[in-house]
Amino acid sequence: MEPTESEKAARLLHPVRITEQAWPEGTVPVVSIFCITYNHERFIRDAIEGFLVQETTFPVEIFVHDDASTDGTAEIIKEYAEKHPQLFWTVLQKENQWSNGNKNILFDFLLDQRGDFTALCEGDDRWVDLHKLQTQYEYLQSHTDCSGCFHQTSKIDAGNNIINEKMFFGGKTKYSLSDCITIVNSAYATCSLMFKSQTLLDPPLWLRNDPCDMMMELQIARFGDLAFIDENMAQYRIHQGGIWNSMNPVMHLFHAMHRLQCLLEISDFQEFRPAIEFRIKELSERLITIEELARRVEADRIARRPWNRLAKNVRRILRTNKSR
């Protein structure tokens with residue numbers, strides 16, 4: 001395959017922090033960092049600092065899209081962009097595009113990234129390994145059968161306390177499109193994904209209609225395996241302001257089942273019908289289990305009310321007798 005212009009660009013002999021690199025004017029970045037954010041004032045510095053400390057042998061660009069935050073997020077982004085104009089290009093919306101129903105706008109910006117590879121990270125997550133980009137780039141360069149790769153990630157809370165040391169437990173190193181339907185299903189953190197940008201250059205209608213993480217993952221996997229790198233290089237944050245974090249497990253399952261059901265109507269996935277139907281059945285059984293558990297918990301709570309009153313009376317009697 002003929003190398004792209006960015007592949008022909010000079011490389012450094014050793015990784016250097018991207019803020020210290022100097023490239024000729026007009027140099028095309030090899031990796032585009034794609035960051036979306038909204039009301040992440042408490043976290044956006046952590047995310048951006050995680051970008052800026054990356055050490056690579058290749059040029060990088062950083063794209064940040066702020067969807068009209070009502071806190072100080074946009075001001076922080078401006079501060080960094082003014083300090084490192086050679087690295088950043090930003091879009092700071094005046095009106096919230098998500099609430100206006102203009103969800104495709106992010107996908108359009110994604111297609112505007114210039115790098116041969118795109119690395120994702122939302123404004124409330126952060127990278128914690130200086131060589132994350134270099135590691136993933138080298139992996140994809142040496143494994144041409146892969147269209148993307150993701151890595152192990154820990155889960156943290158709003159105060160940076162670790163909730164889980166590991167998020168992904170797939171058990172394999174490479175995942176085919178069929179695997180992505182039945183096993184992966186966005187079970188990893190988005191902030192760990194790097195993929196070949198060309199996989200999204202001509203997006204099918206089903207992806208444009210629903211440009212979510214899961215559907216984008218499936219489109220990428222149509223061009224090659226998704227590889228798993230068992231190195232913990234990022235942290236996924238759980239907090240009240242997160243869109244997905246605010247959903248309960250039942251809503252997560254409903255979203256996944258709805259999208260899988262849509263795949264059954266798409267010609268690109270007809271050969272994977274058995275895998276899709278198997279996954280839908282699996283999620284349905286899990287949903288039934290969650291609902292049944294919820295009913296049992298509620299029934300148990302109601303059933304224990306008289307015993308709770310009795311226990312309070314017993315404690316009151318004991319306190320009374322003790323005071324005599």
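Preceding this section is the structure that the text describes.
Owing to the predicted nature of the structure, the values given are computational and were not obtained by experimental measurement. Every residue gets a number counted from 1 within its own chain, in the order that chain's sequence is written. Only residues with pLDDT of at least 70 are given local features in this predicted model, and only at 80 or more are side-chain atom pairs given and counted; all residues enter the totals for whole chains, interfaces and linings. To get the side-chain values, all heavy atoms of the structure are used, and hydrogens and water are removed first.

> Any chance you could explain the overall build of the protein here in plain terms?
Strands are runs of DSSP state E lasting at least two residues, helices are runs of H or I lasting at least four, and both sets are numbered from the N terminus onward. Helix and strand counts for the protein come out as 11 helices and 12 strands. Residue contacts follow a heavy-atom distance rule, with two residues in contact if any of their heavy atoms lie within 4.5 Å. Taking contacts inside the protein between residues at least 6 apart in sequence as the whole, the part at least 24 apart equals 78%. Only the protein chains shown count as cover for residues, and the accessible areas themselves come from Shrake-Rupley with a 1.4 Å probe. Counting only carbon and sulfur atoms, one obtains 53% of the accessible surface of the protein, whose full area is about 17200 Å².

> Honestly, the packing of aromatic side chains in this entry has me stumped. Any pointers?
Any two aromatic rings considered together are summarised by their centre-to-centre distance and by the angle between their planes. Any two rings among Phe, Tyr and Trp, with Trp reduced to its six-membered ring, count as a pair given centres within 6.5 Å; such a pair is stacked if its planes are under 30 degrees apart, edge-to-face if over 60, and tilted if neither. Throughout the structure, instances matching the rule amount to 13 aromatic pairs. Pairing Phe168 with Phe228 gives two aromatic rings, centres 4.9 Å apart and planes at 50 degrees, and the pair type is tilted. One end of the pair, Phe168, is in the loop between strand 9 (162-164) and strand 10 (174-175); the other, Phe228, is in strand 12 (residues 225-237), with 60 residues separating them in the sequence. Buried residues are those whose accessible area, probed at 1.4 Å on protein chains only, stays under 20% of the maximum for their type, while exposed residues exceed 50% and partly exposed ones sit between those limits. By relative accessible area, Phe228 is classed as buried at 12%. Ring centres 5.0 Å apart and planes at 70 degrees place the aromatic pair Trp206 and Phe269 in the edge-to-face group. In this pair, Trp206 is assigned in helix 7 (residues 205-209) and Phe269 in the loop between helix 9 (249-263) and helix 10 (273-303), connecting sequence segments 63 residues apart. Pair check on accessibility: Trp206 and Phe269 agree, each one buried. Cluster of aromatic residues (ring-pair linked, three or more members): Phe150, Phe168, Tyr175, Tyr188 and Phe228.

> What am I meant to see in helix 4 (residues 104-111) here?
The periodicity of an α-helix, 3.6 residues per turn, causes residues three or four places apart in sequence to face the same way. Within helix 4 the residues assigned to the buried category are Ile105, Phe107, Phe109 and Leu110. Of the surrounding elements, those touching the buried residues of helix 4 are strand 2 (31-37), strand 4 (60-66), strand 5 (88-92), strand 6 (117-120), helix 7 and helix 8 (213-221).

> Before we go on, may I ask you to explain the state of the cysteines in this structure?
Each disulfide consists of a covalent bond between the sulfur atoms of two cysteine residues. Cysteine sulfur pairs qualify as disulfides if the two atoms are within 2.5 Å. One pass over the structure, following the stated rule, counts zero disulfides. Counting only cysteine sulfurs, Cys149 is the nearest neighbor of Cys146, a cysteine outside any disulfide, at a range of 7.6 Å. For Cys146, a relative accessible area of 0% corresponds to the buried category.

> Honestly, empty space enclosed by the protein in this entry has me stumped. Any pointers?
Over the atoms, a rolled probe matching the size of one water molecule traces out where space is still vacant. In the cavity and pocket records, a cavity denotes points on a 1 Å grid over the protein atoms alone where a 1.4 Å probe fits but cannot get out, a pocket denotes an open set with protein on both sides within 12 Å along at least 5 of 7 lines, and lining residues are residues with an atom within 4 Å of a point. Grid points are joined across faces, edges and corners, and a volume is the space filled by probe spheres set on the points. Applying the stated rule across the entire model yields two cavities of 30 Å³ or more. Its boundaries defined by the atoms lining it, the largest cavity holds a volume of some 50 Å³. Taken together, Leu110, Leu111, Gln113, Thr118, Phe195, Ser197, Leu200 and Leu201 make up the lining of the largest cavity. Only Asp, Glu, Lys and Arg are considered charged, only Ala, Val, Leu, Ile, Met, Phe, Trp, Tyr, Cys and Pro nonpolar, and every remaining residue, Gly among them, polar. When its residues are assigned to classes, the lining of the largest cavity shows five nonpolar, three polar and no charged. Here the second largest cavity defines a volume of roughly 40 Å³. Around the second largest cavity, the lining residues are Tyr188, Thr190, Leu193, Asp213, Met216 and Glu217. Here the lining of the second largest cavity is built from residues that sort into three nonpolar, one polar and two charged.

> Quick question: what am I supposed to make of the nonpolar core here?
Generally speaking, soluble globular proteins have nonpolar side chains that are buried together. Throughout this description, the term nonpolar core refers to a set of buried Ala, Val, Leu, Ile, Met, Phe, Trp, Tyr and Cys residues connected via side-chain atoms within 4.5 Å. Judged by nonpolar contacts, the single largest core of 44 residues is most densely connected at Leu218, Phe269 and Ile276. Looking at this core, the element that brings in the most residues is helix 8, giving six residues. Setting aside residues up to four positions removed in sequence, Phe269 forms contacts with Leu177, Ile181, Trp206, Leu218, Leu263 and Ile276. Counting 39 residues, the second largest nonpolar core, distinct from the first, contains Ile33, Ile62, Cys146 and Ala234.

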